[in-house]
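Below, each chain spelled out in residue letters.
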Amino acid sequence: MVLRLEDHDRSRCRLTFEDGLLNTLDWLGLEPDRFPTASFREDPIAHPARQSNQSARYAAALAQLEAAGSVYPCTCSRKQIARVVDQSVGAEARYPGTCQTANHRAADTPARRVQMAPGGWMFDDLRLGPLVQEPAAQCGDLLARDRLGHWTYQFAVVVDDLAHAIDVVIRGEDLLTSTGRQLQLASMLARPEPPLYCHHPLLVHPDGRKLSKAGQDTSLLSLRAAGWTVPALIGQAAWRSGLLPTDRPVPFQAVVDRLLGAE
Ligand SMILES: [Zn+2]
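Cut-offs used in this document
Residues numbered from 1 in each chain as written. Predicted model: local features only at pLDDT ≥ 70, side-chain atom pairs only at ≥ 80, totals over all residues. Heavy atoms only, no water. Helix = DSSP H or I, 4+ residues; strand = E, 2+ residues; numbered from the N terminus. Rg over C-alpha atoms; globule rule 2.2 N^0.38 Å. Buried < 20%, exposed > 50% of the residue type's maximum accessible area, 1.4 Å probe, protein only. Contact = heavy atoms within 4.5 Å. Areas by Shrake-Rupley, 256 points an atom, 1.4 Å probe, with all protein chains shown as cover. Lys, Arg positive; Asp, Glu negative; His and termini not counted. Charge placed at Lys NZ, Arg CZ, Asp CG, Glu CD. Salt bridge = Lys/Arg side-chain N within 4 Å of Asp/Glu carboxyl O. Donors = N, O, S within 2.8 Å, 3.2 Å for Na, K, Ca; no water. Pairing = 2+ DSSP bridges. Axes fitted to C-alpha atoms, helices over the stretch in contact; angles between N-to-C directions. Right-handed = clockwise from strand over helix to strand, strands pointing away. Parallel < 35°, antiparallel > 145°, perpendicular 65-115°, else oblique. Nonpolar A, V, L, I, M, F, W, Y, C, P; charged D, E, K, R; others polar. Phe/Tyr/Trp six-rings, centres within 6.5 Å; stacked < 30°, edge-to-face > 60°. Lys NZ or Arg CZ within 6 Å of the ring centre and 35° of its normal.

**Q** Teacher, can you tell me more about the overall build of the protein chain here?
**A** In terms of helices and strands, the protein chain carries 10 helices and 7 strands. Over its C-alpha trace the protein chain gives a radius of gyration of 20 Å, about what one expects of a compact globule, namely 18 Å for 263 residues. With respect to the three principal axes, the spread of C-alpha positions in the protein chain is 60 × 40 × 40 Å. A total of 263 residues make up the protein chain; the buried ones form 40% of that total. Counted over contacts in the protein chain with a minimum sequence separation of 6, partners at least 24 positions apart contribute 68%. Just so you have it, the protein chain exposes about 14600 Å², and 55% of that area is on carbon and sulfur atoms. Side-chain charges in the protein chain split into 28 positive and 30 negative, and the spacing between the mean points of these groups amounts to 6 Å.

Set out below in structure tokens:
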């Protein structure tokens, strides 16, 4: 387990959210193997667990892809892209490749896109089973660094998963469509063995709305205050994620053993 602060969206990052995250990990007894919570608390700003401190790593990965001829500068604004993409309900905004043949100079913009070759990517989700996604058709060429010079989530997460040799990723179903493109990117960065993925369902309101911090919705610490024990919470989360057959209190190690058995 690796502690990672994905703080590329500066407008949404708050130190209090980070404190909440660390306190929750401590309560759950989930001590990261790399970057223990105590080490982060000692020096949170300069800590290597923070993605905003790892620009050199992402730049090196981008240089690797540039050397392979898979990267180009993109001067498109979001508005320009929105004007030309499919606006039908539920459709993902696919970058149409406008700048691929435009021959922009590197100095024109910090924004860089990585070319997604056509073709399907298969993976075996631990809950959902075998799935195929086609990044070139879904999202088109992937933004690695935006017009402000910020690394994107999609790019940074693949580079870090590779750097930290992450072998199991458990995350929400809202990120399911990202998996194919992340696998494709990992392959382009010469990752030999991709991670296993488990996409868990999201807890939502009865009308389907997402839970949110702003809406004072149930947080782990409020469940703790309501008397939930850690084994009960781990058991229910693992059961909802399809990692255990029944909803019953278990120690965290039981879930780890189950995952290792699946590898
Ligand atoms: Zn463009």
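**Q** Teacher, can you tell me more about the pattern of salt bridges here?
**A** Once their charged atoms are close, side chains differing in charge can pair, the charge on each being opposite to the other. For the structure on display, the rule yields 11 salt bridges. Of the charged contacts in the structure, one is a salt bridge between R50 and D7, with a shortest N-O distance of 3.3 Å. Taken as a pair, R50 in the loop between α2 (37-42) and α3 (55-67) and D7 in the segment before α1 (15-28) lie far apart in primary sequence, 43 residues in all. A single burial state applies to R50 and to D7, both of which are buried.

**Q** What is the right way to look at helix α7 (residues 179-188) in this model?
**A** Every α-helix winds through 3.6 residues per turn, so residues three or four apart in the chain are directed the same way. Within α7, 8 of the 10 residues are buried, which leaves the element mostly enclosed by the surrounding structure. The set of residues buried in α7 consists of T179, G180, R181, Q182, L183, Q184, L185 and A186. Count one or two residues on from α7 and you reach A190, which has phi positive near 65 degrees.

**Q** How do you make sense of the coordination of the zinc ion when you look at a structure like this?
**A** The expected angle between donors at a tetrahedral four-coordinate metal is 109.5 degrees. At an octahedral six-coordinate metal it is 90 or 180 degrees. At the metal site, the zinc ion is ligated by C74 (SG), C76 (SG), Y95 (OH) and C99 (SG), and these contacts range over 2.1 to 2.3 Å. For the zinc ion, all donor residues lie on one chain, and their spacing in sequence is C-x1-C-x18-Y-x3-C. Taken together, the residues C74 in the loop between β1 (71-73) and α4 (78-84) and C99 in the loop between α4 and β2 (112-114) connect sequence positions 25 residues apart. For C74, a relative accessible area of 1% corresponds to the buried category.

**Q** Quick question: what am I supposed to make of the environment of P118 here?
**A** Assignment of secondary structure puts P118 in the loop between β2 and β3 (121-125). For P118, a relative accessible area of 73% puts it in the exposed group. Through-space distance from the C-alpha of P118 to that of E134 is 7.1 Å; in sequence the pair is 16 residues apart. The residues contacting P118, other than those within four sequence positions of it, are E134 and A136.

**Q** Which parts of the structure should I look at to understand the sheet that holds β2?
**A** Within a sheet, adjacent strands bond to each other through the backbone by hydrogen bonds, running parallel or antiparallel. Reading across the sheet, the 3 strands line up as β1-β2-β5 and stay open at both edges, with antiparallel pairing between neighbours. Only two strands of the sheet have a single partner each, and these edge strands are β1 and β5 (142-145). When strand polarity is set aside, the average angle formed by the axes of neighbouring strands in this sheet is 35 degrees.

**Q** How should the pairing of strand β7 (residues 196-200) be read in this particular structure?
**A** Consecutive side chains along a regular strand alternate between the two faces of the sheet. Pairing of strand β6 (residues 168-172) with β7 involves 5 bridges; the strand directions are parallel. Note on β7: the bridge partner recorded for V169 is Y197. Between β6 and its parallel partner β7, the chain crosses via α7, and the hand of that crossover is right-handed.

**Q** Help me understand the packing of α3 against helix α6 (residues 153-163) in this model?
**A** A packed helix pair is summarised by two numbers, namely the angle formed by the two axes and the spacing between the axes. Contact pair α3 / α6: the axes reach a minimum separation of 10 Å and the direction vectors enclose 100 degrees. As judged from the angle between their axes, α3 and α6 are roughly perpendicular. For the pair formed by α3 and α6, the contact residues are R57, Y58, A61, L62 and L65 on the first element and F155, A156, V159, D160 and A163 on the second. Grouping the amino acids of the contact of α3 with α6 by side-chain chemistry returns 8 nonpolar, no polar and 2 charged.

**Q** Hey, could you run me through the packing of aromatic side chains in this one?
**A** Working definition: an aromatic ring pair is given by the centre-to-centre distance plus the angle between the planes. Inspection of every chain in the model, using the stated rule, returns 3 aromatic pairs. Relative to Y197, the ring of F123 has its centre 6.4 Å away and its plane inclined at 65 degrees; by these criteria the two rings are edge-to-face. In this pair, F123 sits in strand β3 while Y197 sits in strand β7, placing the two residues 74 residues apart along the sequence. The same class applies to F123 and to Y197, which are both buried. Pairwise contacts between aromatic rings join Y58, W151 and F155 into one cluster. A cation over a ring is seen here: R113 above Y95, with NZ or CZ 3.6 Å from the ring centre.

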